[in-house]
Amino acid sequence: MTDAKTQIEETVKANDVVLYMKGTKDMPQCGFSSRVAGVLNFMGVEFADVNVLADEGVRQGIKDYSDWPTIPQLYVKGEFVGGCDIITEMTLSGELDTLFTKENIAFNQEAADKIREANG
Amino acid sequence: MNKSEEIRSALQAEFSPEMLEVINQSENHRGHGGYSDGESHFLVQIRAAAFADMSRVNRHRAVHKALGADLVGRIHALALEISA
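Attention here is on the structure that accompanies the text. (Residues numbered from 1 in each chain as written. Chains lettered and ligands numbered in written order. Predicted model: local features only at pLDDT ≥ 70, side-chain atom pairs only at ≥ 80, totals over all residues. Heavy atoms only, no water.)

1. Comments concerning the interface of chain A and chain B
Phase 1 of the analysis: Each side of the interface is counted separately: chain A has 15 residues, and chain B has eleven residues.
Phase 2 of the analysis: Here chain A packs against chain B, burying approximately 1,100 Å² in sum over the two surfaces, 58% of which is carbon and sulfur.
Phase 3 of the analysis: The largest per-residue losses of area from chain A upon contact with chain B belong to Trp 68, Asp 85 and Glu 89 of chain A, which jointly make up 37% of the total buried on that side.
Phase 4 of the analysis: One can count three salt bridges joining chain A with chain B.
Phase 5 of the analysis: For Asp 67 of chain A, the salt bridge goes to Arg 61 of chain B, with nearest N and O atoms at 3.9 Å.
Phase 6 of the analysis: Counting across the chain A and chain B interface gives five residue pairs in polar contact (both at pLDDT 80 or more). (Contact = heavy atoms within 4.5 Å. Buried area = accessible area lost by both parts, 1.4 Å probe. Salt bridge = Lys/Arg side-chain N within 4 Å of Asp/Glu carboxyl O. Polar contact = N/O pair within 3.5 Å; in protein donor to acceptor, adjacent residues only side chain to side chain.)

See the structure below:
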């Protein structure tokens, strides 16, 4: 439990953008994880992916860490941003762009605009 | 009480929402790993004044808390659309 917490803390601090997900960014194993990984990939954001299905300690640990009961979970600069619903809303509203800009995370603005055009 | 009714009654009691829809989407996911007993996937649309001053994350946390860990744990997928 403590081990998982330490491991999570180190991961979210060592990587600017981390997605805790079911499966990997190349092979997601859940529709919700797939959607968030897909948005980040499409926006050209570099991120670390952690497959919670590979480690039961992390799978439970990440829920305790953020007081959030579901996967996926997105972290930016060590801060929990949200799960699938929130990331989807923030993508469509432009808040995700704002957050990445504020935190100096590189992303493709044109791609982000395209997502909104396609879902407007 | 089925899960839809459990969700509805917990949220009604906690937030007295102006709008509350609990939509069971489980049949859309039949055959997928998380499907079970026709009560695995739900979409909740809720609008309540209580959410006005909360961040997105805190809105979701408030709903999770009102439902309780037991009920949340028994639902495979819970999509939330929360407004104030």
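2. Regarding unusual backbone geometry
Phase 1 of the analysis: Between Ile 71 of chain A and Pro 72 of chain A the backbone carries a cis peptide bond, its omega angle lying at 10°.
Phase 2 of the analysis: The topology assignment puts Pro 72 of chain A in the loop between helix H3 (56-66) and strand E3 (73-76).
Phase 3 of the analysis: One non-glycine residue with positive phi stands out, namely Asp 67 of chain A, at about 55°.
Phase 4 of the analysis: Considering the arrangement of structural elements, one finds Asp 67 of chain A in the loop between H3 and E3.
Phase 5 of the analysis: Backbone geometry at Ser 16 of chain B places phi at a positive 40°, although glycine is not the residue there.
Phase 6 of the analysis: Among the structural elements, Ser 16 of chain B can be located in the loop between helix H1 (3-15) and strand E1 (19-24). (Helix = DSSP H or I, 4+ residues; strand = E, 2+ residues; numbered from the N terminus.)

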